[in-house]
Amino acid sequence: MTDTPEDEVLHRFESGVSWITLNRPEAMNAVTWDQRERVIGLLAEASADPDVRAVVITATGKGFCTGADLRGAPSAPAERIVGDVARMIRLGAQRLITAVLDCEKPVIAAVNGTAAGLGAHLALACDLVIAAEPARFIEVFVRRGLVPDAGGAYLLPRLIGPQKAKELMFFGDALPAAEAERLGLVNKVVPAEALAETAREWAERLAQGPTRALALTKQLVNASLDSDRATALAAEATAQELNMSTADANEGVAAFVERRTPKYLGR
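The notes below deal with the structure included here. (Residues numbered from 1 in each chain as written. Predicted model: local features only at pLDDT ≥ 70, side-chain atom pairs only at ≥ 80, totals over all residues. Heavy atoms only, no water.)

### Topic: the environment of Ile 20
Assignment of secondary structure puts Ile 20 in strand β2 (residues 17-22). Sequence spacing of Ile 20 and Leu 43 is 23 residues, and the spatial spacing of their C-alpha atoms is 8.9 Å. Once you skip the residues sitting within four places of it in the chain, Ile 20 turns out to touch Val 9, Leu 10, His 11, Val 39, Leu 42, Leu 43, Val 55, Val 56, Ile 57 and Thr 58. (Helix = DSSP H or I, 4+ residues; strand = E, 2+ residues; numbered from the N terminus. Contact = heavy atoms within 4.5 Å.)

Have a look at this one:
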């Protein structure tokens, strides 16, 4: 029996959190075309559904994601011409990374094992990264004689600076979770058996927060890395103007005045 995309990407919703789990452990969760499309779809659904207030991306087995698996992809043309590869990357790996960056809910990566190539960038595109102690991050492209894709040359320098990014990309050495945390690629490293619970605690805490304010904050931070000061400050003022029209902002201010804990509804 052939596995379906639903088998290979598990999904559940609980306590305001959308859990997206890559489920091809026998392939170290290398992402197929069908899996990629399902994850992109689930992230779009999370953005549109007000009941979803946080997202966790994780995986089964010993690998988080070891890159792209072209199984199930549309057949390549008999003759490759200039533009074919760029189009494939633009419509494939880059769409997946962009879906994470543009998701209107906070996205946590719970990295259970090896994250290589596209898999590393999938984790690093998330807003928060929790890694199990055995996890490793590998810029594997150079080992194959390839240029980093899936947004790597965009993400890494912004997270750790150009010099360290070049070191990781030039050599392709495996980066242990503890070192990734030291560099700032990972927010927290935990024992493997504590990964799911830690991710749940963080996600449910986010799910109890002011969802629209978090979405606008995510947008501001991501955009600030490509903005000049005037543009960033103008965007900040506009975001606060929009946010003050939400029920959660009114609740937050009222709770402060009344000296009580706010109860946010994600609206």
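### Some thoughts on the layout of surface pockets
Estimated volume of the second largest pocket: approximately 830 Å³. Along the walls of the second largest pocket sit 32 residues, with Ala 125, Asp 127, Lys 218, Val 221 and Asn 222 positioned nearest its centre. Elements that contribute at least two residues to the lining of the second largest pocket include exactly α4 (93-102), β7 (128-132), α6 (152-160) and α10 (211-224). Per-element tally for the lining of the second largest pocket: the top contributor is α10, with 10 residues. When grouped by side-chain class, the residues that make up the lining of the second largest pocket number 20 nonpolar, five polar and seven charged. (1 Å grid on protein atoms, 1.4 Å probe; cavity = no way out; pocket = protein on both sides within 12 Å on 5 of 7 lines; lining within 4 Å. Points joined across faces, edges and corners; volume = space filled by probe spheres on them. Nonpolar A, V, L, I, M, F, W, Y, C, P; charged D, E, K, R; others polar.)

### What about the environment of Leu 10?
In this fold, Leu 10 is placed in strand β1 (residues 9-14). Separated by 11 residues in sequence, Leu 10 and Thr 21 place their C-alpha atoms 4.9 Å apart.

### Some remarks on unusual backbone geometry
Positive phi outside glycine occurs at Asn 29, with the angle close to 60°. Assignment of secondary structure puts Asn 29 in the loop between β2 and α2 (33-48). On the basis of relative accessibility, which here comes to 0%, the residue Asn 29 falls in the buried class. The residue Ala 150 is not glycine, and still its phi comes out positive at about 55°. Within the secondary structure, Ala 150 sits in the loop between β8 (136-138) and α6. According to the relative accessible area criterion, Ala 150 is buried, its value standing at 0%. (Buried < 20%, exposed > 50% of the residue type's maximum accessible area, 1.4 Å probe, protein only.)

### A look at α6
Residues three or four positions apart in an α-helix share a direction because the helix packs 3.6 residues into each turn. If you check which residues of α6 are buried, you get Gly 152, Leu 155, Leu 156 and Ile 160. The buried residues of α6 occupy one face: seen down the axis, they fall within an arc of 90°. Here the buried face of α6 lies against α4, α5 (118-124), α7 (162-171) and α8 (177-183). Phi turns positive one or two residues past the end of α6, at Gly 161, with a value near 90°. (Arc of directions from axis to C-beta.)

### Focus: the environment of Tyr 154
Structurally, the position occupied by Tyr 154 is in helix α6. Residue classification places Tyr 154 among the partly exposed residues on the basis of a relative accessible area of 34%. Remark: the alpha-carbon pair of Tyr 154 and Leu 10, spanning 144 residues in sequence, is separated by 29 Å. Dropping the residues within four chain positions of it, Tyr 154 is found in contact with Asn 222 and Asp 226.

### Topic: the packing of aromatic side chains
Tallied over the entire structure, the rule returns zero aromatic pairs. We note Arg 12 situated over the ring of Trp 19; from NZ or CZ to the ring centre the distance is 4.4 Å. (Phe/Tyr/Trp six-rings, centres within 6.5 Å; stacked < 30°, edge-to-face > 60°. Lys NZ or Arg CZ within 6 Å of the ring centre and 35° of its normal.)

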